[in-house]
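Notes for the structure review
Chain by chain, the residues:
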Amino acid sequence: MLIPLISVYSTCLSSLGPSFAVNLPFHSRLSLLSLLCLPHSTPPPIWNPLPDLLHPVSILSSSFMSYFRSYSIHKAHPVLGLLQNDGKRVRKDEPHKKCGTQETRLTELLVTVFLRGGPAMATGGKSSRSSIHRYTNRLINEKSPYLLQHAHNPVDWYPWGQEAFDKAKKENKLIFLSVGYSTCHWCHVMEQESFKNKEIGKILNDNFVCIKVDREERPDVDKVYMTFVQATSSGGGWPMSVWLTPDLKPFIGGTYFPPEDGIYQVGFRTVLLRIADQWKRNKNALVENSERIMSALLARAEISIKGEDSPPPFPEVMARCFQQLSESYDEEYGGFSEFPKFPTPVNLNFLFTYWALHRASPDGARALQMALHTLKMMAYGGIHDHIAQGFHRYSTDQRWHVPHFEKMLYDQGQLAVAYARAFQISGDEFFADVAADVLLYVSRDLSDRAGGFYSAEDADSYPTAKSKEKREGAFCVWTAEEIRRLLPEPVEGASERKTLADVFMHHYGVKEGGNVSPAKDPHKELRGQNVLIVQYSLELTAARFGLGLEQLKTMLAKSRERLCKARGHRPRPHLDTKMLASWNGLMISGFAQSGAILGKEEYVSRAGRAADFLRSHLFDASSGRLLRSCYRGKGSAVEQSAVPIQGFLEDYVFVIQALFDLYEASLNQSWLEWALQLQRKQDELFWDSKGFAYFSSEAGDSSLLLRLKDDQDGVEPSTNSVAVANLLRAACYSGNMEWVKKAGQILAAFSERLLKIPVALPEMARATVAFHRTLKQVVICGAPEGEDTKDLLRCVHSVFAPNKVLMLADGDSTGFLYHHLPFLSSLERKEGKATAYLCENFACSLPVTSSQELRKLLLL
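Attention here is on the structure that accompanies the text. Values in this document were obtained by computation on a predicted structure and should not be read as measured data.

Attention shifts here to the overall build of the protein. Summing up its helical and strand segments, the protein has 28 helices and 26 strands in all. Counting over 860 residues, the protein shows a buried share of 61%. Residue pairs at least 24 apart in sequence account for 72% of intrachain contacts in the protein once pairs closer than 6 positions are excluded.

Structure follows, in C-alpha cells:
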C-alpha cells in the first residue's frame, strides 16, 4: 500500500522570499521519499505539477504541510495522475498554472512532492472544557503557557534538554519534535485532534522520544529546524513537526497533520507508523540522507563578506527596494499582497524614509501615499478591533476584513510607532487616534502589574460561559440580532425613523445573515456572525441618516462603548502571560516614540516603567546579560524558570533600540548607559569576527546544529537590520567609531541581497542611508525643565527626520554624555537661551534658538 496521496504540485518561488532552497542531489531526495512512501519494488511515480488547492491562508497561517522541495523545471507539463490509496493513477488533464507575474520577480518554477494537510481539511481542533486530568507529563514543571497547555496530554512529552537527548540515544529512538506557541490556532487543532488522542499518544510514546518546544521561548531551536522544513518543503509554519535522529539531525518535517488519512491528505497516525517502520528497516539510509541535508544546510546558511564586498551604495538599494514594494502594492486596499495580508511595519517605515529622502519627487509622494493608505485601510478593516482596540495578527482576505484573531505584542509595539509617525508626517489626527487606541489596548489587556508586557491573546475562546468548545473569533464577532438588542434607541433628528443599531450596522457593514464569506470560514465557525469593518466614511454615514458629523461621532462612540461592555461578559480568550525581553523592547519603543511624537508624557512614563521591569526581572547584573523570558506566577508574582533561558540576539537588539528610543523621549541618561553596556555584551556574545554580522544565538550549545544569521525582515525586523541602526546610534552617543565599522561590515555581509532583493530587508535598506550619510546629532543646550528647552524638543519630535539622534547638553560636565563626547563642552547657550546645534561627525552648525530655525535645519 502506498501512503494515501503522493501529490505533485507546482509552486513559484519569488525572489522576494527567503533563499532556503537546498540543492540536494535529485537522487537523494528521491531515495528519501521512497523510503518513507513507496514499497521498494514500486517504481517512482511520474512527477508532474498540480495546481495548489489549499485554503488561501494555508502557507502563511502555518497550516500548509509539505515534505520535499524537488528539482527545478523550465516549462509546465499537464498533470498525468494522482496516486490514490489503492495505488491507481487517476488522469487529470489540467494544465499547470503559473502563480504570480513579472511583478513578483519569479525566479524559479519548482515541482514539489509533498504529503498534504491543510486548514480546509481539518475537522476538529476546538478546545473543550475539562477539569479532570487523566494524564500528566513532565511539562507540568515548566513555566511556558504553551508547554503547560500540553502537560495533560497522553503523549509523554519532554522539554528540550539533555534528559530527552540521553533517552533517545540510550533507547536508540527517533525524536519527534513539535514546535508551536500558546496562541497558535493550528497548534490547538493538532493538539485536540492528535496529541489528546490516546491511541496516537501510544504510537508516539512507543516509537519516539517526544519533545515540545515553545518557539517564543526558544527561537534558536525553532530557527534551526524551521530552516530545515523550509529548505526541504514548500513552506513552513506552526505547529512545526520534525523527526530527528538521536543525535538531533532532522530527516523529515512539516507543519500541521490531520489525524487520519483523507482523499487529499495523509494522516498523522500513518506518518508516524511509516517513519517508525523505516527507522527499523532502513536506519542507515535515513541517517545518510540526514547527513547530506545538514551538509547542504550548513553551506547555504553561511552569510559572510566575500572578497572585497563593501557596504552597497544607498541610492541603488533604496530605489530598487521602492520599485519592488511598488510593484507588489495593492492600489485599492493597501498592503503588499492580495491575501493573506500581514501588517508589515518594516515596509511602512521604509516608505516613510524613502519619502523623507525624496519629498519633492513623484516617487516620494507615491511612497508616502502607499504607507498612509495602507495604514488607513488597516485601521478601517476587521484586522483592527473596533470595540476593544488593538490589531489582530493578519487578514485572511484582501480587504483587511476577516482576521486571524490572535493579538501579538510585537504587532502592537511596531504599529503604535507606525501610526505615530504617520501623524508626525501628515498631521492627520486620525493616525494619532489609532496609535492611542493601540496603546490603550496594551495598557489595559497586555500589561503586568509589575510593569512588563504579556506576549499575546489567543484567537480561540468559548462563545458563552456554557459552551463546551472554543471557536476562533468568538470573543470578537457579533450577530445582527445582538447589536439590535444592545442598541435599540431611536435616533433623534434622523431623516428616517431609525435606531442606534441601524446607524451602527450601516457604518460597520453588519448584515442580518453575517458578513463573513464562506470562503474565509472553512469550519463554519463564523456563520451568521459579523466582523466589524468601517464600510463608509463618517461623512457618508452622516449624510445617509441626516445627522451632524459630531452627533454621529458621539453616537458611534456610545455604541462601541456599549458593545465593549457587553463583550466583557463573554469568556475571554487565553492570555499568554509569558514576558519576553525582545517583545517588551518593541513595546517600550512603541510607548516611548508615541509619547515623544504625540506629546504624551504618560506614554513615556509607561515605557520607563517597563524598562525598569526589564532591569529588575530580565537582566542579570552580575554577568551583564539579558534573560529571555519570565512569567506571571501565583498571586501575580513574577517568576523565572528553574534554569533561566539566556537572552538571544533579538533580545539584545530590540532592548537596545528601546533604550535609545526611551532616552530620546525622556532624556534620562541612565538608559543610554545601559544601552551601551548591552551593546558591548552583544558584541561579545554574538559577533562573527570571521564572516562578520551577528549570529542569532551564542556559541557553545552542542544541541544546536546550526548557528544562523537572520537574513530577512518579516513581521518583526531582522536582528542584523536593527543592529546596524543600533551600532550607528551607539557610536553617536559614545564616540566609539569601531561600532560604525561593525555597521559597515554587516551591510557588506548582506550586500548581495541588498542589491538584488532589498525588499527582503527593507529595514536594513533604510540603515544603508544612515551609514552612508552619517547620522545627524541634534544637540539641545539648555536646562531640562526650561520652557525654551522644551519648545526646541517639541520641534525635534514634530519633524520626521529619520537619520538623526537627539541629545540634551544640560551643562553638567561630569555627566555621562560629556564624559564620552568632549565636543559638547564647547557648545554654549546663545544669549542665555536654550540653543540647538546640528552636528555631524562631531562638528556642529551655527547655533539656533527658535523652533522655526531648528525646523529648517532638520528638513535639510
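Taken together, the three bridges between strand β18 (residues 578-580) and strand β21 (residues 629-632) define a ladder with antiparallel strand orientation. Within the sheet, the bridge partner assigned to Lys-578 lies in β21 and is Tyr-631. Judged from the two bridges that link them, β21 and strand β22 (residues 638-639) form a sheet pairing that is antiparallel. In the strand pairing of β22, Tyr-631 is matched with Glu-639.

This next bit is on helix α9 (residues 314-328). For α9, with 15 residues, the first-to-last C-alpha span of 21 Å sits near the 21 Å given by 1.5 Å per residue. For α9, the complete set of buried residues consists of Phe-314, Val-317, Met-318, Cys-321, Phe-322, Gln-324, Leu-325, Ser-326 and Ser-328. Buried positions along α9 lie against α10 (345-357), α11 (362-380), α24 (751-756) and α25 (762-773).

The next thing to look at is unusual backbone geometry. For the bond running from Trp-238 to Pro-239, omega is 5°, close enough to zero to count as cis. As for its placement among the helices and strands, Pro-239 is situated in the loop between α6 (219-232) and β9 (240-244). Of note, the bond from Phe-339 into Pro-340 is cis; its omega dihedral lies within 30 degrees of zero at -5°. Assignment of secondary structure puts Pro-340 in the loop between α9 and α10.

As a further point, take empty space enclosed by the protein. Summed over the entire model, instances satisfying the criterion amount to nine cavities of 30 Å³ or more. Estimated volume of the largest cavity: approximately 780 Å³. If you trace the largest cavity, you find 38 residues lining it, with Arg-421, Gln-593, Asp-661, Arg-729 and Arg-766 closest to the centre. Contributions of two or more residues to the lining of the largest cavity are made by α10, α12 (409-426), α18 (581-598), α20 (649-666), α22 (719-734), α25, α26 (787-798) and β24 (804-809). Per-class residue counts for the lining of the largest cavity are 20 nonpolar, eleven polar and seven charged.

Another aspect to go through is the packing of aromatic side chains. Within this structure, the stated rule accounts for 32 aromatic pairs. Ring geometry for Trp-687 against Tyr-694: centres 4.8 Å apart, planes inclined by 70°, an arrangement best described as edge-to-face. Note on Trp-687: relative accessible area 15%, which makes it buried. Using a relative accessible area of 0% as the deciding quantity, one classes Tyr-694 as buried. Taken together through their ring pairs, the aromatic side chains of Trp-157, Phe-176, Phe-195, Trp-243, Phe-257 and Phe-268 make up a single cluster. In this structure, Lys-212 is placed above the aromatic ring of Trp-157, and the distance from its NZ or CZ to the ring centre is 5.0 Å. Geometry around Phe-545 places Arg-544 over its ring, the cationic atom sitting 4.7 Å from the centre.

Turning our eyes to something else, we now look at the sheet that holds strand β23 (residues 776-781). Strand order across the open sheet formed by four strands is β24-β23-β25-β26, with mixed pairing between neighbours. Of all strands in the sheet, those with a lone pairing partner are β24 and β26 (843-844), marking the two edges. Inspection of the sheet shows β23 paired to β24 by six bridges, in the parallel sense. Pairing of Cys-781 across the sheet is with Ala-809, part of β24. Those strands touched by helix α28 (residues 851-858) are β23, β24 and β25 (835-840), and its axis lies near 10° from that of β25.

In the structure shown here, the tally under the stated rule is two disulfides. One disulfide bridge connects Cys-184 with Cys-187, the sulfur atoms lying 2.4 Å from each other. On the sign convention where negative means left-handed, the S-S torsion of about 80° between Cys-184 and Cys-187 marks this disulfide as right-handed. Among the residues examined, Cys-187 registers a relative accessible area of 2% and is labelled buried. Covalently, Cys-839 is tied to Cys-844 through a disulfide, its sulfur atoms 2.0 Å apart. Between Cys-839 and Cys-844 the sulfur-sulfur dihedral comes to about 100°; the bridge is accordingly right-handed. Each disulfide in the protein links cysteines that, numbered along the sequence, combine into the pattern 1-2, 3-4.

It is worth spelling out the environment of Phe-352 at this point. Topologically, Phe-352 is positioned in helix α10. Residue Phe-352 is classed as buried on the basis of its relative accessible area, which comes to 0%. Apart from residues no more than four positions distant in its own chain, Phe-352 is found in contact with Leu-368, Ala-371, Leu-372, Leu-375, Ala-418, Arg-421, Ala-422, Ile-425 and Phe-800.

This part takes up the sheet that holds strand β7 (residues 174-180). Strand order in the open sheet formed by five strands is β6-β8-β7-β9-β10, and the pairing between neighbours is mixed. Edge positions in the sheet fall to β6 (157-159) and β10 (250-254), since each has one partner strand and no second. On average, each strand axis in the sheet is tilted by 25° relative to the strand beside it, whichever way the strands run. Lying on the sheet, helix α4 (residues 185-195) is in contact with β6, β7, β8 (208-214) and β9; it crosses β7 at an angle near 140°. The sheet strands contacting helix α7 (residues 268-281) are β7, β8, β9 and β10, and the helix crosses β9 at an angle near 15°.

You can see Gly-452 is positioned in the loop between α13 (429-445) and β14 (456-457). Residue Gly-452 is classed as buried on the basis of its relative accessible area of 0%. Residue contacts for Gly-452: discarding those within four places in its chain leaves Leu-446, Ser-447, Met-579, Asn-584, Arg-606 and Phe-613.

Along the chain, Glu-457 turns up in strand β14. The exposure class assigned to Glu-457 is buried, which follows from its relative accessible area of 6%. Of the polar contacts made by the side chain of Glu-457, one reaches the side chain of Arg-572; its length is 2.6 Å. Apart from residues lying up to four places away in sequence, Glu-457 is in contact with Thr-183, Glu-406, Lys-407, Tyr-441, Leu-446, Arg-572, Pro-573, His-574 and Leu-575.

One can describe the packing of α11 onto α12 by two numbers: an axis separation of 11 Å at closest approach and a directional angle of 125°. Here α11 is positioned oblique relative to α12, judged by the angle of their axes. Between α11 and α12 lies a crossing whose hand is left-handed. Here Leu-368, Leu-372, Leu-375, Met-378 and Ala-379 of α11 come into contact with α12, specifically with Leu-415, Ala-418, Tyr-419, Ala-422, Ile-425 and Ser-426. For the contact of α11 with α12, a count of residues per class yields ten nonpolar, one polar and no charged.

Let us look at the pattern of salt bridges. Overall, the coordinates contain 46 salt bridges when judged by the stated rule. The residue Asp-445 makes a salt bridge to Arg-572 at a minimum N-O spacing of 3.6 Å. With Asp-445 in helix α13 and Arg-572 in the loop between α17 (549-567) and β17 (575-576), this residue pair connects regions lying 127 residues apart in the sequence. Look at Asp-445 and you get buried, because its relative accessible area is 13%. Residue classification places Arg-572 among the partly exposed positions, given a relative accessible area of 45%.

The next thing to look at is the packing of α26 against α28. Contact pair α26 / α28: the axes reach a minimum separation of 9 Å and the direction vectors enclose 30°. Taken together, the axes of α26 and α28 lie roughly parallel to each other. Note that α26 runs across α28; the crossing there is right-handed. Between α26 and α28, the contacting residues are Asp-791, Leu-792, Cys-795, Val-796 and Ser-798 on the first element and Ser-851, Leu-854, Arg-855 and Leu-858 on the second. Along the lines of polarity and charge, the residues of the contact of α26 with α28 split into five nonpolar, two polar and two charged.

This part takes up the side chain of Ser-696. As for its position among the elements, Ser-696 is in the loop between α21 (669-686) and α22. When its relative accessible area of 9% is taken as the criterion, Ser-696 is described as buried. At a separation of 3.3 Å, a polar atom in the side chain of Ser-696 contacts the side chain of Asp-710. Non-local contacts of Ser-696, meaning those with residues more than four positions away in its chain, are made with Lys-223, Phe-648, Leu-649, Phe-686, Leu-708, Lys-709, Asp-710 and Thr-719.

Calculation notes
- Residues numbered from 1 in each chain as written.
- Predicted model: local features only at pLDDT ≥ 70, side-chain atom pairs only at ≥ 80, totals over all residues.
- Heavy atoms only, no water.
- Helix = DSSP H or I, 4+ residues; strand = E, 2+ residues; numbered from the N terminus.
- Buried < 20%, exposed > 50% of the residue type's maximum accessible area, 1.4 Å probe, protein only.
- Contact = heavy atoms within 4.5 Å.
- Pairing = 2+ DSSP bridges.
- Expected span 1.5 Å × (residues − 1).
- 1 Å grid on protein atoms, 1.4 Å probe; cavity = no way out; pocket = protein on both sides within 12 Å on 5 of 7 lines; lining within 4 Å.
- Points joined across faces, edges and corners; volume = space filled by probe spheres on them.
- Nonpolar A, V, L, I, M, F, W, Y, C, P; charged D, E, K, R; others polar.
- Phe/Tyr/Trp six-rings, centres within 6.5 Å; stacked < 30°, edge-to-face > 60°.
- Lys NZ or Arg CZ within 6 Å of the ring centre and 35° of its normal.
- Axes fitted to C-alpha atoms, helices over the stretch in contact; angles between N-to-C directions.
- Disulfide = S-S within 2.5 Å.
- Polar contact = N/O pair within 3.5 Å; in protein donor to acceptor, adjacent residues only side chain to side chain.
- Parallel < 35°, antiparallel > 145°, perpendicular 65-115°, else oblique.
- Left-handed = near helix turned anticlockwise from the far one by under 90°.
- Salt bridge = Lys/Arg side-chain N within 4 Å of Asp/Glu carboxyl O.

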